[in-house]
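Each chain, letter by letter, is given below.
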Amino acid sequence: MSNRSVSRAFFSIGEVLAQLRPDFPDVTISKIRFLESEGLIEPERTPAGYRKFTPADVARLRYVLTAQRDHYLPLRVIKEHLHALDQGLQPPLPGGTGLPRVPVSVVGGEGMPGPDAFAPDGGEVRLSRAEFLQAAGIADEELATLENFGLIAPRGSTYDGTALAIAKTVKELTRFGIEPRHLRAFRAAADREVGLVEQVITPLVRQRSPEARARAEEVAREIAALSVRLHAALVRSGLRPLLSR
């Protein structure tokens, strides 16, 4: 940031975006507006209604984006941290961010992925069929079986990182005699969960505003993370009687 920028009292939303983009390439004006609508920042307004961001607002945005990217914290937790910081409480963290460390169990629920794990990945891998087979360590006929049972679907002519994770997980399960045909219930359950998320966010998506779409994405990620946590808890509960005989 230049000395001229630091000395300025206010920045437009476009200028704030330009400051954040080098460290947070995925941030957008819609994202900044969404964080404002959630009460994490409160920029002033000009008489004409334009947002005026102070250097403190920019620092606050950096804090929020860092907490999401590096620590997978949901917005409600970040808001609590910001409230503590506003009261002069700032637990130190190596690297000088001031962001308190939070146990994994708080972030994602006993090692479960947090909401940010379900965000679209702009840098996601794209593999040809041959590259995918090599990376997954499976034969072509095994991939065909996974596709036939609906566990994997190519995106055009390539396969992404999610498909690779599925293939590797299924391969691990085959060590225990569990075959792809046994896993159709997983596919059906996942589809039902996606349908439930769709029901919740559809009213937001229909609003077609950038703020509503950003909120829909946030809600979808939160529900996805909670559904994984619930699934793990239910499996753990079901296994307990078997393992305690």
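Here the structure is a predicted model, which means the values were calculated and not measured.

Conventions used here
- Residues numbered from 1 in each chain as written.
- Predicted model: local features only at pLDDT ≥ 70, side-chain atom pairs only at ≥ 80, totals over all residues.
- Heavy atoms only, no water.
- Helix = DSSP H or I, 4+ residues; strand = E, 2+ residues; numbered from the N terminus.
- Buried < 20%, exposed > 50% of the residue type's maximum accessible area, 1.4 Å probe, protein only.
- Lys, Arg positive; Asp, Glu negative; His and termini not counted.
- Salt bridge = Lys/Arg side-chain N within 4 Å of Asp/Glu carboxyl O.
- Contact = heavy atoms within 4.5 Å.
- pLDDT = per-residue confidence, 0-100.
- Core = buried A, V, L, I, M, F, W, Y, C linked by side-chain atoms within 4.5 Å.
- Expected span 1.5 Å × (residues − 1).
- Arc of directions from axis to C-beta.

(A) Structural context of the side chain of Lys31. Residue position: Lys31 is located in helix H3 (residues 29-37). The charged side chain of Lys31 is buried without a salt bridge, its nearest counter-charge being Glu218 at 4.3 Å. Setting aside residues no more than four positions away along its own chain, Lys31 makes contact with Leu65, Gln68, Glu218 and Arg221.

(B) Focus on the environment of Val16. Following the sequence through the fold, Val16 ends up in helix H2 (residues 13-20). Look at Val16 and you get buried, because its relative accessible area is 0%. Separated by 41 residues in sequence, Val16 and Asp57 place their C-alpha atoms 9.1 Å apart. When near neighbours in sequence (up to four residues on either side) are disregarded, Val16 contacts Phe11, Ile32, Phe53, Val58 and Leu61.

(C) Focus on the confidence of the model for the protein chain. Confidence in the prediction for the protein chain averages 81 pLDDT; 82% of positions are at 70 or higher. The secondary structure element of the protein chain with the lowest average pLDDT is helix H6 (residues 104-107), at 34, and the one with the highest is helix H8 (residues 140-148), at 95. Segment residues 1-7: pLDDT under 50, and four contacts once partners within four positions in sequence are set aside and those in other chains are kept. Predicted confidence for residues 91-110 stays below pLDDT 50, and this span has 37 contacts to residues more than four positions away or in other chains.

(D) Just the nonpolar core, in detail. Residues Val16, Leu20, Ile32, Phe53, Leu61 and Ile78 are the most contacted members of the largest nonpolar core, which totals 25 residues. Looking at this core, the elements with two or more residues in it are H2, H3, helix H4 (55-71) and helix H5 (75-86). In terms of residue count, H4 provides more of this core than any other element does, six residues in total. Counting residues in hydrophobic clusters, the runner-up holds 15 residues, among them Leu143, Leu146, Ile152 and Ala167.

(E) Region of interest: H5. Helix length check: H5 (twelve residues) gives 16 Å between terminal C-alpha atoms against 16 Å at 1.5 Å per residue, within 8%. Regarding H5, the residues found buried are Leu75, Val77, Ile78, His81 and Leu82. Here the buried residues of H5 occupy an arc of 155° about the axis, which is enough to place them on one side. For H5, exposure combined with an orientation more than 90 degrees from the buried face picks out Glu80 and Asp86.

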